[in-house]
Structures are given as C-alpha cells and as structure tokens.
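Residue-level structural notes
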Amino acid sequence: MMNKLRTTDFRKMKEQGEKIAMITAYDATIAAIVDAAGVDVVLVGDSLGNVVQGLEDTLSVTLDEMIYHTKIVSRGVDRAHLCSDMPFLSYQKSPEDAIESAGRLLKEGRAESVKLEVNDAYIDTVYRIQKAGIPVVAHIGLCPQSVHVMGGYKVQGSLPGDRETLLDLAKSCEQAGAFMVLIESVLSEVARDVTESLGIPTVGIGSGVDCDGQVLVVNDMIGLTPEPLPKFVKKYAKVAETISDSAKKYVEEVKKGTFPSQEQSYG
Ligand code: KIV
C-alpha cells in the first residue's frame, strides 16, 4: 500500500495550505483510475441514486446498496482515503442505529470513514459514531436527503441568520469529533468564514474557492451526466459523447459485417 492517506493527514494538509481533492466513485474500475490519478479522498456518495440508479433523488438508496458499492470501490482504492455516505434513514432513527449502520459500512464495505448530512439534531450522533471508532465527515449546507423540507435544491446561506447558523453547526460538528466538514451549495463568503473558523478541513461542492478542498461527482466531472449541469460543475471530458460515438460505429460495423474482421478472429 503506497502512502495511504489517513484521516489525520487532512488536518495537516489544511495547516500546510495543501488543497484536498475528493471525488465520488461507485465501482472498482473508476475508483482505481481516480486513485491512481492522485485523488485524496474517494467518496462513495449516495448520489449513487441519481447517477447510477437513475433515480430523481437520493432518498431510496439503501444501506445494503451503499455497502455493496463501497465494497467494490474499496477493491480499486489504494492511496486515497475511502469515505462512504450514510443513506437516508440509516442514521436518523437513533444514535444506536447510526452506529450499527456506520459500522456495517466499515466492516462489510471496508470504508474508512462515513459521511452524514447533519443539522443540530444530529450532533450527538456524530459524537457517538466517532466515539465508536468510526471517523465522521459532517455534510452541511444543502442536504439532499432533506430536499422536501428545504423545498428543492437551493443555494444555502443567503437568508438572515444563515451565516451564524452554519458557523455554529460547523463548530458543533468539529467539537463532536468530525474530522472533516463537507459544505454543499453555500454562498462562497459563508463557506469561507466557516472554513476559517475551523481547525478541521472543509471540502466544498458549489461553495466557492476558499474551502480547504473540493469534491465533484465523477459522472459530472467526466461529462457522463446529461446536461444541464449545475453551475458549480466543471466538465473535464466528454465521455458521454465518446461512448455514443463508439456505440454508433460498433452498430454500423456489426450491421455491415466489418466487425469482427480477421484481426479480431481466432484461427
Ligand atoms: O452523494 C454525493 O455524491 C455527495 C456530494 C456532495 C459529492 O454527497
């Protein structure tokens, strides 16, 4: 195992001003590619529901599905830290239930930490999971599992009092033992203030340049997700086009009988 990244390394990276690069993965093949490319954290996100399972939201993703995808991703990860999302209703019912779910992601999925969407009702849960020996990433700001309470996927931090609420929440997460805070779709200046107020690192998505790191959904980053994409996504490749062009050529050649040729045949 080459220079495996541990939870304790991320605080050092923040202190040294080295940005943290996190990306999602859902299978061993992509995990191995992004790991070898130098990503610091591979996240098995419950965005699994949107980008792999074809669902409208993340609410139907189950713990067993997250365990399965975490297990297969873990086989591709070598250097990066492996974090897995706790899906909807796998931690909300009670801290005991949360420890059980988080423990299964480590025991069966081989995750090295878990991420949960946190508001003030879940600080004790963060504390209890961490005290059970399971490192926690606290997800704040836009929390997709609360989409129906929030009235849609809206940028957070612009209402009076939002800045203070987010600062207090992030501080409570740090005090409860979270080793990292993920900030989703929060106004840049609020995410900056949160980042500056914490000793632990922040990783942002749609939350500006001042977070200690960034995270993107891999399908969005490689251009596999159908347009339109959210404003915060940068598309680094056009993989959907590559797959479509290849499939069109393949169909054409099969129909014409030019594939397979002698080159692809035995004997
Ligand atoms: O599920 C997910 O992919 C996430 C994003 C914030 C990256 O939580």
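Residues numbered from 1 in each chain as written. Predicted model: local features only at pLDDT ≥ 70, side-chain atom pairs only at ≥ 80, totals over all residues. Heavy atoms only, no water.

1. Here's the deal with the site of the ligand
Around the ligand sit 13 residues, and of these Gly45, Asp46, Ser47, Asp85 and Lys115 come closest. Interatomic distance of 2.5 Å between a side-chain N/O atom of Ser47 and an oxygen atom of the ligand. Among the cavities detected, the one that contains the ligand is the largest pocket. The residue inventory of the shell around the ligand, partitioned by class, reads five nonpolar, four polar and four charged. (Near = heavy atom within 4 Å. Polar contact = N/O pair within 3.5 Å; in protein donor to acceptor, adjacent residues only side chain to side chain. 1 Å grid on protein atoms, 1.4 Å probe; cavity = no way out; pocket = protein on both sides within 12 Å on 5 of 7 lines; lining within 4 Å. Sits in = over half its atoms within 2 Å of the grid points. Nonpolar A, V, L, I, M, F, W, Y, C, P; charged D, E, K, R; others polar.)

2. Here's the deal with the sheet that holds strand E8 (residues 213-216)
Spatially, the eight strands close up into a barrel ordered E1-E2-E3-E4-E5-E6-E7-E8, and their pairing is parallel. Ignoring strand direction, the axes of neighbouring strands in this sheet form an average angle of 25°. Across four bridges, the pairing between strand E2 (residues 41-44) and strand E3 (residues 81-85) is parallel. Note on E3: the bridge partner recorded for Val44 is Ser84. Helix-sheet contacts for helix H4 (residues 63-74) involve E2 and E3, and the interaxial angle to E3 is about 165°. (Pairing = 2+ DSSP bridges. Helix = DSSP H or I, 4+ residues; strand = E, 2+ residues; numbered from the N terminus. Axes fitted to C-alpha atoms, helices over the stretch in contact; angles between N-to-C directions. Contact = heavy atoms within 4.5 Å.)

3. Some points on the pattern of salt bridges
Under the definition given, this model contains 16 salt bridges. Between Lys256 and Glu252 there is a salt bridge, and its shortest N-O distance comes to 3.5 Å. Placement of the pair is Lys256 and Glu252 together in helix H11 (residues 239-256), with a separation of four residues, close to one helical turn. Through salt bridges that share partners, Arg163, Glu164, Arg192 and Asp193 make up one connected network. (Salt bridge = Lys/Arg side-chain N within 4 Å of Asp/Glu carboxyl O.)

4. Structural notes on the packing of H4 against helix H5 (residues 95-107)
Here H4 crosses H5 at 25°, and the two axes come no closer than 9 Å. It follows that H4 is roughly parallel to H5 by the angle criterion. Seen from above, H4 lies across H5 with right-handed handedness. Across from Leu63, Asp64, Met66, Ile67 and Thr70 in H4, the residues of H5 making contact are Ser101, Arg104 and Leu105. For the contact of H4 with H5, a count of residues per class yields four nonpolar, two polar and two charged. (Parallel < 35°, antiparallel > 145°, perpendicular 65-115°, else oblique. Left-handed = near helix turned anticlockwise from the far one by under 90°.)

5. Side note on a nonpolar patch on the surface
Side chains of Tyr250, Val251, Val254 and Phe259 sit close together on the surface and give an oily, nonpolar patch of about 350 Å² of accessible area. Note that Val254 resides in helix H11. Under the relative-accessibility criterion, Val254 is labelled partly exposed at 40%. (Patch = residues over 30% accessible without salt bridge, like charges linked within 9 Å, V, L, I, M, F, W, Y side chains within 5 Å. Areas by Shrake-Rupley, 256 points an atom, 1.4 Å probe, with all protein chains shown as cover. Buried < 20%, exposed > 50% of the residue type's maximum accessible area, 1.4 Å probe, protein only.)

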